[in-house]
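# What the coordinates show
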Amino acid sequence: LLTRLSALDLSRNQLRGTFPDAIGNLVTLKRLKLGENQFAGKLPNTMSKLTNLVRLELHRNKLTHCPDMLGNLMQLHTLKISENRFSGELPASWVLLVSIRELYIFSNQFTIFDPDPHAVDWLGNRIMTQSNVQLLDVLRKRCHVLVLMEEQVGDGGFVADRLPTKEVW
């Protein structure tokens with residue numbers, strides 16, 4: 001039915017539940033916007049078939065598992081998965097995101113820094129895990145925007161923090 005669909009925007013619709021495996025059948029999609037809903041659980045592995053995607057927005061949901069298969073989406077220019085419940089290491093397959101220009105992953109529970117509270121540099125900054133240092137070093141060279149963290153500002157709002165300087169790594 002939707003064999004020629006190139007864009008699907010269902011953001012801000014209070015949609016809930018899990019993503020159906022059938023989403024992988026929308027192989028002509030270039031833009032998929034499902035942000036600001038109440039989707040929960042994990043992304044289906046069938047999303048790896050969406051190899052034409054250039055923009056994927058899943059921010060502000062309740063997603064819990066960030067599968068390695070996102071690395072298969074090598075045409076992605078923009079990936080917004082901030083403000084979810086993703087955890088664990090950043091997927092190593094993201095090194096395959098050769099077209100990535102914008103990556104938003106803040107407000108998740110990824111293990112970006114070494115969990116040892118004593119793992120700090122001489123300035124007292126927390127040290128990233130070695131796998132994240134290598135992955136983020138590649139991604140920061142490709143991205144115009146790479147947002148890992150956020151910090152509260154005086155007016156009660158939030159501002160995206162910069163990627164730590166090379167010295168911190």
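Rules behind the numbers
- Residues numbered from 1 in each chain as written.
- Predicted model: local features only at pLDDT ≥ 70, side-chain atom pairs only at ≥ 80, totals over all residues.
- Heavy atoms only, no water.
- Helix = DSSP H or I, 4+ residues; strand = E, 2+ residues; numbered from the N terminus.
- Patch = residues over 30% accessible without salt bridge, like charges linked within 9 Å, V, L, I, M, F, W, Y side chains within 5 Å.
- Areas by Shrake-Rupley, 256 points an atom, 1.4 Å probe, with all protein chains shown as cover.
- Salt bridge = Lys/Arg side-chain N within 4 Å of Asp/Glu carboxyl O.
- Contact = heavy atoms within 4.5 Å.
- Pairing = 2+ DSSP bridges.
- Axes fitted to C-alpha atoms, helices over the stretch in contact; angles between N-to-C directions.

This part covers unusual backbone geometry. We note that Q14 has phi near 60°; this positive angle belongs to a residue other than glycine. Position of Q14 among the secondary structure elements: in the loop between β1 (7-9) and β2 (16-17).

Together, M74, V95, L96 and V98 line one region of the surface with nonpolar side chains, adding up to about 310 Å² of accessible area. The topology assignment puts M74 in the loop between β6 (62-65) and β7 (78-80).

A few words now on the environment of Y104. Here Y104 shows up in strand β9 (residues 102-104). Through-space distance from the C-alpha of Y104 to that of L146 is 6.0 Å; in sequence the pair is 42 residues apart. Beyond its immediate chain neighbours, meaning those up to four positions away, Y104 contacts L79, K80, I81, S82, V145 and V147.

Under the defined criterion, the tally for this structure stands at five salt bridges. Ionic contacts of the salt-bridge type, sharing partners, join the residues R12, E36, R60 and E83 into one network.

Turning next to the sheet that holds β7. Reading across the sheet, the six strands line up as β1-β3-β5-β7-β9-β11 and stay open at both edges, with parallel pairing between neighbours. The open sheet is flanked by β1 and β11 (145-147), the only strands paired with a single partner. When the angles between neighbouring strand axes are averaged without regard to direction, this sheet yields 10°. Bridge count between β7 and β9: three bridges; the pairing is parallel. When the bridges of β9 are listed, T78 appears paired with E102.

Before going further, it helps to spend a moment on the sheet that holds β6. Strands sit in the order β2-β4-β6 across an open sheet of three strands; the sheet is parallel. One side of each edge strand has no neighbouring strand; the edge strands of this open sheet are β2 and β6. With two bridges joining them, β2 and strand β4 (residues 38-42) adopt parallel strand pairing. The residue of β4 that forms the bridge with R16 is Q38.

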